[in-house]
Number of protein chains: 2
Amino acid sequence: MFVNGVNIRHDERVSARQTAPRTRYHHGDLRNAMMEAGVELARTGGPEAVVLREVARRVGVSATAAYRHFSDAEELLEEVKHTALAELADALITAVAAVPADGDPPDVVVARLRAAANAYIDFAVRNAGLFLTAYCRTASPDSKYEGEPFADTDAFRALSGLLDQAVEAGCISPEWRAGADIASWSMVHGFATLLADGPVGRHLSAEAQAFAQERTVELLLRGLTASE
Amino acid sequence: MFVNGVNIRHDERVSARQTAPRTRYHHGDLRNAMMEAGVELARTGGPEAVVLREVARRVGVSATAAYRHFSDAEELLEEVKHTALAELADALITAVAAVPADGDPPDVVVARLRAAANAYIDFAVRNAGLFLTAYCRTASPDSKYEGEPFADTDAFRALSGLLDQAVEAGCISPEWRAGADIASWSMVHGFATLLADGPVGRHLSAEAQAFAQERTVELLLRGLTASE
DNA sequence: CCTGGTAAGTTGACGCCGTCAACATCGAGC
DNA sequence: GCTCGATGTTGACGGCGTCAACTTACCAGG
């Protein structure tokens, strides 16, 4: 796995280190333990580093023990994925909450949107592995939320709330509210992806990346708040 | 692999079909043949369907024969990836060329930008496998173009040209030109990704997707052409 | 026209992976 | 205190990428 030219491929898989030989035959909390080990793997190596056998090794348990708690290697990955998604949402919500709420409502809400956008991107850069895992492919349509789109991502709900506030504050004309959520998400997500995993992150200097980020976020805000 | 709820996972791998038992011991054009087989696999199954042994099987050759032409399974993937990128660029350039050039220059250039954006997204939807392959992770920094960012993607150069035209035509203020390329790319790419591989494609009805696409593209154009 | 060297394929093996069937161990409730 | 189900283990299988050693076919130079 390449992130900004630094090879953080999971090949110090020499590991095999298990935290402790584990005295009791039964682990007691294996499902959680495997999840956490999986998250750790994902954090440093992205989704393809979440390898069932390695997870088992780290927890100090045989590979097949996993099958008592997960139907599949895929199910483990999905669990990890949800955790990653939740962590992303956390970062986003925290950043928004940190924006001072005094001042003109329009200014505040724009500042919040900006903070959210930057938090999303920063998360993707700082936690590339987790970010990629959050959006990695998993065969099953990860929705207990069929039809109710994105209900599983708190991040998306936070964004929606912000946009509603923006309409209230008069920053966004009501007839442009619909679809603004997905559009905003697309832009930020696209930039984050191109940065964490793609050509932007690979080819651009740090300053160039920062400039591109600022421009991208401002372009989004311009589009959202354009008077026309 | 799930694309919009349709499982196109590469599990009709029953294949093993080799086009013909191949009479001559030497293939003659194995490198190309493997590439093409790889592209076909990628088209229907995404990057993870590009499996060295299966490619060899399809071409009717032993697995290790690949090593006479590729240093690595990764190198094969990368070759396929470049082909996918090229195909995407083609679709984009063709769509732009199809826009009638008569009329007010500003209108024309906006129409071209819109066409490019929609072509990009449409390609991602119609050729999800290839699209995902075009942007899939490959360990090596796929740049003979180190530092000269994106020079390997004709699609990006086409976009840059369009934006230059837009400045000329007075649609984009010159001081907003810098970074507009990456920002535009981000938005379209993000939407395409969310659609081809992510929650948008999985959870939204076709009409909802179309609406979201239109809104996303228009929001981008608004941001680019905003007067202020 | 032979001949030898090298490019292009082959076979068999290795260690990784996910997964299955069969067996072992523990602990909760009769 | 026994039993039985939940939880772990072992060993095996086939698929993967890759390596070393072997074979085949072509092409140049005599």
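Residues numbered from 1 in each chain as written. Chains lettered and ligands numbered in written order. Predicted model: local features only at pLDDT ≥ 70, side-chain atom pairs only at ≥ 80, totals over all residues. Heavy atoms only, no water.

Peer 1: What is the right way to read the overall build of chain A from this model?
Peer 2: Within chain A, the secondary structure is distributed over 9 helices and 2 strands. Along chain A, helices (α) and strands (β) appear in the sequence β-β-α-α-α-α-α-α-α-α-α when read from the amino end. By the burial criterion, 54% of the 228 residues in chain A qualify as buried. Put simply, 72% of the contacts in chain A that link residues at least 6 apart link residues at least 24 apart. Element-wise, carbon and sulfur atoms account for 53% of the exposed surface of chain A, whose accessible area totals about 10300 Å². (Helix = DSSP H or I, 4+ residues; strand = E, 2+ residues; numbered from the N terminus. Buried < 20%, exposed > 50% of the residue type's maximum accessible area, 1.4 Å probe, protein only. Contact = heavy atoms within 4.5 Å. Areas by Shrake-Rupley, 256 points an atom, 1.4 Å probe, with all protein chains shown as cover.)

Peer 1: In this structure, what is going on with the nonpolar core? I would like to understand it.
Peer 2: Nonpolar side chains in soluble globular proteins tend to be buried together. Residues Tyr-120, Phe-131 and Tyr-135 of chain A together with Tyr-120, Phe-131 and Tyr-135 of chain B are the most contacted members of the largest nonpolar core, which totals 139 residues. Ignoring anything within four residues of it in the chain, the contact list for Phe-131 of chain B reads Leu-88, Tyr-120, Phe-123, Ala-124, His-189, Ala-192, Thr-193 and Ala-196 of chain B. (Core = buried A, V, L, I, M, F, W, Y, C linked by side-chain atoms within 4.5 Å.)

Peer 1: What exactly am I supposed to notice about the protein's contact with DNA strand C here?
Peer 2: What surrounds DNA strand C is a group of 24 residues, the closest being Arg-53, Arg-57, Thr-64 and Tyr-67 of chain A together with Arg-68 of chain B. Counting only atoms of DNA strand C within 4 Å of the protein, the sugar-phosphate share comes to 53%. A distance of 2.5 Å separates a phosphate oxygen of DNA strand C from a polar side-chain atom of Arg-57 of chain A. Taking Ser-62 of chain B, its side chain carries an N or O atom lying 2.6 Å from a phosphate oxygen of DNA strand C. Looking at which element gives the most residues to the surface near DNA strand C, the answer is helix H2 (residues 52-59) of chain A, with 3 residues. Broken down by class, the residue content of the surface near DNA strand C amounts to 9 nonpolar, 8 polar and 7 charged. (Near = heavy atom within 4 Å. Polar contact = N/O pair within 3.5 Å; in protein donor to acceptor, adjacent residues only side chain to side chain. Nonpolar A, V, L, I, M, F, W, Y, C, P; charged D, E, K, R; others polar.)

Peer 1: So what exactly am I meant to see when it comes to the side chain of Arg-137 of chain B here?
Peer 2: Inspection of the secondary structure puts Arg-137 of chain B in the loop between helix H5 (128-134) and helix H6 (154-168). Here Arg-137 of chain B falls in the buried class, since its relative accessible area comes to 17%. Within the structure, Arg-137 of chain B has its side chain in polar contact with the side chain of Glu-48 of chain A (distance 3.0 Å).

Peer 1: Hey, could you run me through the packing of helix H3 (residues 73-97) of chain B against helix H4 (residues 105-126) of chain B in this one?
Peer 2: The description of two helices packed together rests on the angle between their axes and the distance between the axes. All names here are of chain B. Two elements in contact, H3 and H4, have axes whose closest approach is 8 Å; the angle formed by their N-to-C orientations is 145°. Crossing handedness for the pair H3 and H4: right-handed. Facing Ala-84, Glu-87, Leu-88, Ala-91, Leu-92, Ala-95 and Val-96 of H3, the residues of H4 in contact are Arg-112, Ala-115, Ala-116, Ala-119, Tyr-120 and Phe-123. The class makeup of the residues in the contact of H3 with H4 is 11 nonpolar, no polar and 2 charged. (Axes fitted to C-alpha atoms, helices over the stretch in contact; angles between N-to-C directions. Left-handed = near helix turned anticlockwise from the far one by under 90°.)

Peer 1: Looking at this structure, I do not really get the environment of Ala-119 of chain A. What am I missing?
Peer 2: Residues and elements named next belong to chain A. Summarising the element assignment, Ala-119 is placed in helix H4 (residues 105-126). Each C-alpha atom of the pair Ala-119 and Leu-88 lies 8.8 Å from the other, and the pair is 31 residues apart in sequence. With residues near it in sequence (within four places) discarded, Ala-119 still touches Ala-91, Leu-92 and Ala-95.

Peer 1: It is not clear to me how the pattern of salt bridges should be interpreted in this structure. Could you clarify?
Peer 2: All names here are of chain A. Enumeration according to the criterion identifies 26 salt bridges over all chains in this entry. Measuring nitrogen to oxygen at the nearest pair gives 2.8 Å for the salt bridge that ties Arg-177 to Asp-164. Remark: Asp-164 occurs in helix H6 (residues 154-168) and Arg-177 occurs in the loop between H6 and helix H7 (180-196); sequence separation between them is 13 residues. Among the ionic pairs, Arg-177 bridges to Asp-181, the shortest N-O distance being 3.5 Å. Overall, Asp-181 belongs to the buried group, its relative accessible area being 14%. Salt bridges sharing partners connect three or more residues here, namely Arg-31, Glu-75 and Glu-79. (Salt bridge = Lys/Arg side-chain N within 4 Å of Asp/Glu carboxyl O.)

Peer 1: Explain the protein's contact with DNA strand D to me, please; I cannot follow it from the model alone.
Peer 2: Of all residues adjacent to DNA strand D, which total 25 residues, the nearest are Arg-68 of chain A together with Arg-53, Arg-57, Thr-64 and Tyr-67 of chain B. Contacts to DNA strand D include Ala-73 of chain B, whose backbone N or O atom sits 2.9 Å from a phosphate oxygen. Considering every element that reaches the surface near DNA strand D, the biggest residue donor is helix H2 (residues 52-59) of chain B, with 3 residues. In terms of residue class, the surface near DNA strand D is built from 9 nonpolar, 8 polar and 8 charged.

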